[in-house]
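Each chain, letter by letter, is given below.
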Amino acid sequence: MESGLSSLLSVSIDFETSHLFFPHIIHWLMGGLFALILVFNVAPFLAAVRRGEKTLPILGESMDKFRFFGTLALIVAYFYLMAVVGNLFPYTGYGFLFVSMAFLFLMSLMYMHTRTRRKVITAAINALVAPSLAWFILAKLFQITLP
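Under an unreviewed UniProt entry, the protein has the name Thiol:disulfide interchange protein and belongs to Halomonas organivorans.

Here you go:
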């Protein structure tokens with residue numbers, strides 16, 4: 001009985017694959033969200049194509065091309081620069097911290113419809129505080145290695 005209880009209370013960690021735990025969860029969540037997008041957008045799109053409509057519901061005239069392509073460019077730059085800056089400060093998480101600050105500030109500016117001094121200052125404070133708090137909690141409290 002003693003060995004059965006001790007086996008239930010013991011934890012073994014496979015360090016060769018343990019770092020893949022959260023990426024697997026994120027991949028499944030992103031796959032599920034992608035499936036939902038397909039379910040809710042592809043059916044109306046295909047129906048519009050069958051009807052022969054000139055303006056399709058997904059990429060119609062109301063699409064904000066600057067924000068759409070700007071978001072894609074910022075996401076690509078975010079992941080690329082996180083690795084570059086992370087290599088300058090290995091095993092510190094500064095790549096995540098500094099690049100997340102810039103990314104969050106630029107995204108806030110891009111989606112801000114009217115730029116007032118107060119809104120820009122609020123975006124700047126948010127861009128400094130939110131990644132710093134996430135970095136502190138993940139890197140310092142939980143000791144999770146960040147890029």
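Asks: Before we move on, could you go through a nonpolar patch on the surface and cite the residues and values that matter?
Replies: Together, L133, F136, I137, L138, L141, F142 and I144 give the surface a local cluster of nonpolar side chains, amounting to about 630 Å² of exposed area. A residue is classified by how much of its surface remains accessible, and I137, at 30% relative accessible area, is partly exposed.

Asks: Before we move on, can you summarise helix 2 (residues 21-51) with the specific residues and values?
Replies: Note that an α-helix has 3.6 residues per turn; residues three or four places apart therefore point the same way. Given a rise of 1.5 Å per residue, 31 residues ought to cover 45 Å, and the 45 Å separating the end C-alpha atoms of helix 2 matches this to within 8%. Where helix 2 bends most, the angle comes to about 30 degrees, and this point is N41, followed within four residues by the proline P44. One or two residues past the end of helix 2 sits G52, with phi positive at roughly 80 degrees.

Asks: Please provide a residue-by-residue account of the UniProt feature "transmembrane region" (unreviewed entry) in the protein, values included.
Replies: Within this numbering scheme, the UniProt entry marks residues 25-47, 68-85, 91-111 and 123-142 as carrying the feature "transmembrane region" (unreviewed entry). Summarising residues 123-142: 95% helix, 0% strand, and an end-to-end C-alpha distance of 27 Å.

Asks: Requested: an account of the side chain of T71, with residues and values cited.
Replies: By the element assignment, T71 lies in helix 3 (residues 65-88). Excluding residues within four positions of it along the chain, T71 makes contact with M107, M110 and Y111.

Asks: Can you lay out the side chain of S100 for me, pointing to particular residues and giving the numbers?
Replies: Mapping S100 onto the fold places it in helix 4 (residues 94-111). A distance of 2.8 Å separates the side chain of S100 from the side chain of Y78, its partner in a polar contact. If we ignore the near neighbours within four places in the chain, the residues touching S100 are Y78, G95 and P131.

Asks: Describe the nonpolar core, listing the residues and the values that go with them.
Replies: Ranked by size, the top nonpolar core spans 10 residues in total: Y78, M82, V85, F96, L97, V99, M101, W135, A139 and L146. Elements that contribute at least two residues to this core include exactly helix 3, helix 4 and helix 5 (117-141). Examining the composition of this core, we find that four residues originate from one element, helix 4, more than from any other. When near neighbours in sequence (up to four residues on either side) are disregarded, F96 contacts Y78, M82, P131, A134, W135, L146 and P147.

Thresholds applied
Residues numbered from 1 in each chain as written. Predicted model: local features only at pLDDT ≥ 70, side-chain atom pairs only at ≥ 80, totals over all residues. Heavy atoms only, no water. Patch = residues over 30% accessible without salt bridge, like charges linked within 9 Å, V, L, I, M, F, W, Y side chains within 5 Å. Areas by Shrake-Rupley, 256 points an atom, 1.4 Å probe, with all protein chains shown as cover. Salt bridge = Lys/Arg side-chain N within 4 Å of Asp/Glu carboxyl O. Buried < 20%, exposed > 50% of the residue type's maximum accessible area, 1.4 Å probe, protein only. Helix = DSSP H or I, 4+ residues; strand = E, 2+ residues; numbered from the N terminus. Expected span 1.5 Å × (residues − 1). Bend = angle between axes of the 7 residues up to and from the residue. UniProt positions renumbered as here; feature names shortened; annotations may be inferred. Contact = heavy atoms within 4.5 Å. Polar contact = N/O pair within 3.5 Å; in protein donor to acceptor, adjacent residues only side chain to side chain. Core = buried A, V, L, I, M, F, W, Y, C linked by side-chain atoms within 4.5 Å.

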